[in-house]
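Structure at a glance
Below, each chain spelled out in residue letters.
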Amino acid sequence: MCGIVGYIGHKQAYNILIQGLYRLEYRGYDSAGMALIKNNGILNVYKSKGKVANLEDEISGKDYEGTIGIAHTRWATHGIPNNTNAHPHTSQNGAIAIVHNGTIENYNILKEALIRHGYTFSSETDTEVLVQLIEYIKIKNKCTLFEAVREALKQVIGAYAIAVIEKDNPNVIIAARKSSPLIIGVGDDETFIASDATPIVGFTDKVIYLKDNEIAVINRNAPLQISSIENNEPSQLDIQELKMNVAQLEKGGYDTFMLKEIFEQANTLKDCIRGRISDNYEQIILSGVLENKDKFINANRIVIVACGTSWHAALIGKRLIQEMCLLPVEVEYASEFRYGNPFITNHDIVIAISQSGETADTLAAVQLAKSKGAFVYGICNVVGASIPRNTDSGTYIHVGPEIGVASTKAFTGQVTVLTLLALCAGQIRKTVKKETVQEIAKGLYQMPEIIQDVFKLDETIRNLSHTFTYARNFLYLGRGYNYPTALEGALKLKEISYIHAEGYPAAEIKHGPIALIDKEMPSVIIAPNDSLYDKIVSNVQQVKARGGFVIAITNKGNTAMKQIADYCLEIPEVPECLTPIVVSVPLQLLAYYIAIYKGQDVDRPRNLAKSVTVE
Ligand code: F6R
């Protein structure tokens with residue numbers, strides 16, 4: 001949510017910054033901007049509403065010289081997307097420029113005080129307040145930019161990752177963070193800063209993950225200094241190796257990142273289970289669980305917190321853990337959990353699921369659960385992100401960078417890790433049979449091949465999707481393990497095609513939603529050959545009896561379903577608890593092609609951004 005990139009070094013900053021913005025664009029694309037300092041003390045600031053390409057056009061032919069610069073791609077929080085509200089924001093005297101990701105909650109109070117001191121504001125943003133405050137402090141205290149930024153941040157309530165530069169000092173960038181991510185890339189005579197690692201990949205593999213409440217002084221003529229905002233205590237420089245390559249950040253011949261990521265799933269699931277299942281399928285080796293056996297043996301309850309797609313994975317995890325570990329499991333939206341006075345004790349395990357590892361509500365839920373004494377376990381994708389760094393233990397899903405805003409491969413990775421976790425903890429607790437472990441572990445092991453087989457549906461789904469561009473509403477129905485999959489299918493469709501879609505437990509439709517059924521309301525019904533198959537056949541019949549249009553996802557060779565449903569998408573048979581992984585692929589493809597036929601920008605759906613780092 002909002003992307004920041006900065007550069008200081010011996011190269012021209014522009015190309016690095018613009019490429020960085022393209023790589024960060026998935027975090028927000030309402031507007032973009034860049035500030036560069038020329039060595040003769042000129043600060044050039046360029047901004048443009050809309051996507052990064054517009055900014056590139058705006059700067060083309062203009063003066064973009066400078067070996068120091070900061071840039072930003074915005075997801076609007078305060079103020080509509082326009083040029084004025086776009087970052088970088090500059091201070092009243094035009095000397096200081098800032099880019100910011102986050103929200104400053106007390107900006108109104110600060111703004112009123114600054115107005116009393118004669119400051120005027122051109123934008124509606126909280127960020128402009130911060131840069132004016134920095135200028136005010138700098139002039140009043142006659143101090144350095146670093147001191148002014150540090151002092152200003154002490155007055156700020158909220159979340160921020162910022163980068164600040166000053167016209168008359170082309171040698172320094174000040175960067176700081178609290179509750180929003182910021183990474184420093186350490187190169188040879190050059191330093192990068194970015195909201196995530198993507199703009200840094202290809203330039204250096206040495207990174208420092210700035211911690212909460214830290215401020216960095218990046219001076220081209222002096223060693224990097226990081227210290228605490230609060231008391232200026234110096235921090236150790238913890239340089240880590242970045243394991244990401246440029247190919248992972250490119251579309252690799254696909255039209256979109258989303259399509260690439262859907263088709264990557266056979267491989268990403270291989271990466272996700274690698275080394276985690278023994279050769280004879282008898283042992284699940286999940287170090288985060290095995291190293292904390294006591295916690296899993298003595299737990300009274302598990303609470304899973306997450307948002308969006310990750311919350312859907314959590315609902316599947318609930319069934320898995322209850323079944324394999326005989327433990328009560330509750331699933332909460334992180335945003336509700338954090339303000340819901342949750343009853344948590346030190347006998348609870350709280351599992352936080354997050355692809356980005358940066359979702360503000362999930363991070364806050366983690367911190368709250370820890371403060372109440374729970375053992376907190378993270379299931380994340382982005383290595384080194386805030387959630388994995390704030391949890392007691394956890395497991396990475398290892399599906400590689402997910403750039404398409406709609407989550408696909410992360411969802412199947414999360415469900416896979418939850419399956420492994422349920423089996424591993426079930427083994428420790430002795431609540432799962434050896435044969436069950438073997439059957440499911442083998443099913444997981446074969447999953448990459450099975451998914452490859454499911455990809456053969458691509459053309460059928462593409463052709464079918466064309467029929468549905470007219471639809472204004474969709475219903476997604478499933479039961480048991482596939483009720484959450486239905487929710488996920490509906491979410492995928494609405495976020496990229498803007499067609500309203502509802503996911504429902506199939507049996508519930510007769511308590512209300514069946515009133516919506518008519519020939520213009522397609523229903524996607526998930527009907528694999530599982531323990532609830534006969535029940536869901538009745539639900540299909542109920543929809544058909546009311547003139548509804550049914551697309552059924554069922555197992556190969558199910559001729560009976562072909563007689564009832566209008567279309568059947570046939571998938572291979574797998575153990576019941578693994579069906580969500582297999583079913584989600586045709587659901588992703590269906591949403592994808594409907595959106596494409598409707599002409600939507602699937603990688604950058606309107607109003608959305610990846611990595612929701614604000615409340
Ligand atoms: C939907 C989607 C979002 C995210 C949600 C949580 O396709 O991507 O609903 O799942 O914003 O994000 P993470 O998993 O990064 O915490």
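A quick note: this is a predicted structure, and the numbers were derived from the prediction, not measured.

Here the focus is the overall build of the chain. Scanning the chain from N- to C-terminus turns up 20 helices and 24 strands. Taken over C-alpha atoms, the radius of gyration comes to 25 Å for the chain, in line with the 25 Å a tight globule of 615 residues would show. Counting only C-alpha atoms and orienting by the principal axes, one finds that the chain spans roughly 80 × 55 × 45 Å. In the chain, which comprises 615 residues, the proportion classed as buried is 61%. Look at the contacts in the chain between residues 6 or more apart in sequence, and 71% of them connect residues 24 or more apart. Total accessible area on the chain stands at roughly 23,500 Å², and carbon and sulfur atoms take up 46% of it. Once the 60 positive and 67 negative side-chain charges of the chain are each reduced to a mean point, those two points are 2 Å apart.

Quick look at the sheet that holds strand 23 (residues 549-555) now. Spatially, 21-20-22-23-24 is the arrangement adopted by the five strands of the open sheet, whose pairing is parallel. Both outer strands of the open sheet, strand 21 (500-505) and strand 24 (567-571), are each paired with one neighbouring strand and no more. The mean inter-strand angle of the sheet, taken between neighbouring strand axes irrespective of direction, is 20 degrees. Bridge analysis of strand 23 against strand 24 gives five bridges, and the strand direction is parallel. Looking at the pairing, Ile 551 lines up with Tyr 567 of strand 24.

We now examine the state of the cysteines. According to the stated counting rule, one finds zero disulfides in the structure shown. Cysteine Cys 380 is unpaired, with the sulfur of Cys 307 as its nearest cysteine sulfur at 12 Å.

As a matter of local geometry, the ligand sits amid 15 residues, with Ser 310, Ser 354, Ser 356, Thr 359 and Glu 495 nearest to it. Contact between the ligand and Ser 407: an oxygen atom at 2.8 Å from a main-chain N or O atom of the residue. Bound to the protein, the ligand loses 88% of the 410 Å² it would expose on its own. Contributing elements (two or more residues each) for the shell around the ligand: helix 10 (308-325) and helix 17 (482-497). In terms of residue class, the shell around the ligand is built from five nonpolar, eight polar and two charged.

So, about the packing of helix 10 against helix 14 (residues 409-429). Contact geometry for helix 10 and helix 14: axes closest at 9 Å, N-to-C directions at 20 degrees. Considering their axes alone, helix 10 and helix 14 lie roughly parallel with respect to each other. For the pair helix 10 and helix 14, the sense of crossing is right-handed. On the side of helix 10, the interface is formed by Thr 309, Ser 310, His 312, Ala 313, Ala 314, Ile 316, Gly 317, Leu 320, Ile 321, Met 324 and Cys 325, while helix 14 contributes Phe 411, Gln 414, Val 415, Leu 418, Thr 419, Leu 421, Ala 422, Leu 423, Ala 425, Gly 426 and Arg 429. Classifying every residue of the contact of helix 10 with helix 14 by side-chain character gives 14 nonpolar, seven polar and one charged.

One finds Ile 351, Phe 474 and Tyr 476 to be the most contacted residues of the largest nonpolar core, which totals 97 residues. Leave out the neighbours within four places in its chain, and Ile 351 touches Ile 302, Val 303, Ile 304, Val 305, Ile 321, Tyr 377, Ile 379 and Leu 421. Leu 130, Ile 134, Val 172 and Ile 215 belong to the second-largest nonpolar core, a separate cluster that totals 33 residues.

Below, the discussion takes up the packing of aromatic side chains. Using the criterion set out here, one finds 16 aromatic pairs in the structure. Arranged with centres 4.6 Å apart and planes meeting at 45 degrees, the rings of Phe 263 and Phe 455 form a pair that is tilted. Taken together, the positions of Phe 263 in helix 6 (residues 257-263) and Phe 455 in the loop between helix 15 (434-454) and helix 16 (458-466) put the pair 192 residues apart, joining distant regions of the chain. For the residue pair Phe 263 and Phe 455, the accessibility class agrees, reading buried in each case. Geometrically, the ring pair formed by Phe 474 and Tyr 476 is tilted, given 5.9 Å between the ring centres and 35 degrees between the ring planes. Each member of the pair, Phe 474 together with Tyr 476, is buried. Of the aromatic side chains, those joined through ring pairs into one cluster are Phe 468, Tyr 470, Phe 474, Tyr 476, Phe 549 and Tyr 567. Note that Arg 606 overlies the ring of Tyr 498, its terminal NZ or CZ placed 3.9 Å from the centroid.

Counting along an α-helix, one turn takes 3.6 residues, and residues three or four places apart therefore face a common direction. The end-to-end C-alpha separation of helix 12 (residues 360-371) is 17 Å, in line with the 16 Å expected for 12 residues at 1.5 Å each. Taken as a whole, helix 12 has its buried residues at Ala 360, Asp 361, Thr 362, Leu 363, Ala 364, Ala 365, Val 366 and Ala 369. The secondary structure elements touched by the buried residues of helix 12 are strand 15 (301-306), helix 11 (334-337), strand 17 (348-354), strand 18 (375-380) and helix 13 (386-390). Looking one or two residues past helix 12, Gly 373 carries a phi angle of roughly 90 degrees, positive in sign.

Turning to empty space enclosed by the protein, a few remarks are in order. Counted according to the given criterion, the structure contains two cavities of 30 Å³ or more. Reported here for the largest cavity is a volume of approximately 70 Å³. In this structure, the largest cavity is lined by Cys 2, Arg 74, Trp 75, Thr 77, His 78, His 87, His 100, Asn 101, Gly 102, Thr 125, Asp 126 and Thr 127. Every element with two or more residues in the lining of the largest cavity is listed here: strand 6 (96-104) and helix 4 (126-141). A per-element tally of the lining of the largest cavity places strand 6 first, with three residues. Residue composition of the lining of the largest cavity, by class: two nonpolar, eight polar and two charged.

As a further point, take helix 18 (residues 533-545). Compared with an ideal rise of 1.5 Å per residue, which puts 13 residues at 18 Å, helix 18 spans 18 Å between its outermost C-alpha atoms and is within 8% of the ideal. Three or more residues of helix 18 are buried, namely Tyr 533, Ile 536, Val 537, Asn 539, Val 540 and Val 543. Projected onto a plane normal to the axis of helix 18, the buried residues spread over an arc of 160 degrees and lie on a single side. Exposed positions of helix 18 whose direction lies more than 90 degrees from the buried face are Asp 534 and Ala 545. Buried residues along helix 18 sit in contact with strand 20 (473-478), strand 22 (522-527), strand 23 and helix 19 (559-564).

Reading the values: the criteria
Residues numbered from 1 in each chain as written. Predicted model: local features only at pLDDT ≥ 70, side-chain atom pairs only at ≥ 80, totals over all residues. Heavy atoms only, no water. Helix = DSSP H or I, 4+ residues; strand = E, 2+ residues; numbered from the N terminus. Rg over C-alpha atoms; globule rule 2.2 N^0.38 Å. Buried < 20%, exposed > 50% of the residue type's maximum accessible area, 1.4 Å probe, protein only. Contact = heavy atoms within 4.5 Å. Areas by Shrake-Rupley, 256 points an atom, 1.4 Å probe, with all protein chains shown as cover. Lys, Arg positive; Asp, Glu negative; His and termini not counted. Charge placed at Lys NZ, Arg CZ, Asp CG, Glu CD. Pairing = 2+ DSSP bridges. Axes fitted to C-alpha atoms, helices over the stretch in contact; angles between N-to-C directions. Disulfide = S-S within 2.5 Å. Near = heavy atom within 4 Å. Polar contact = N/O pair within 3.5 Å; in protein donor to acceptor, adjacent residues only side chain to side chain. Nonpolar A, V, L, I, M, F, W, Y, C, P; charged D, E, K, R; others polar. Parallel < 35°, antiparallel > 145°, perpendicular 65-115°, else oblique. Left-handed = near helix turned anticlockwise from the far one by under 90°. Core = buried A, V, L, I, M, F, W, Y, C linked by side-chain atoms within 4.5 Å. Phe/Tyr/Trp six-rings, centres within 6.5 Å; stacked < 30°, edge-to-face > 60°. Lys NZ or Arg CZ within 6 Å of the ring centre and 35° of its normal. Expected span 1.5 Å × (residues − 1). 1 Å grid on protein atoms, 1.4 Å probe; cavity = no way out; pocket = protein on both sides within 12 Å on 5 of 7 lines; lining within 4 Å. Points joined across faces, edges and corners; volume = space filled by probe spheres on them. Arc of directions from axis to C-beta.

Nothing here speaks to function; it is all geometry.
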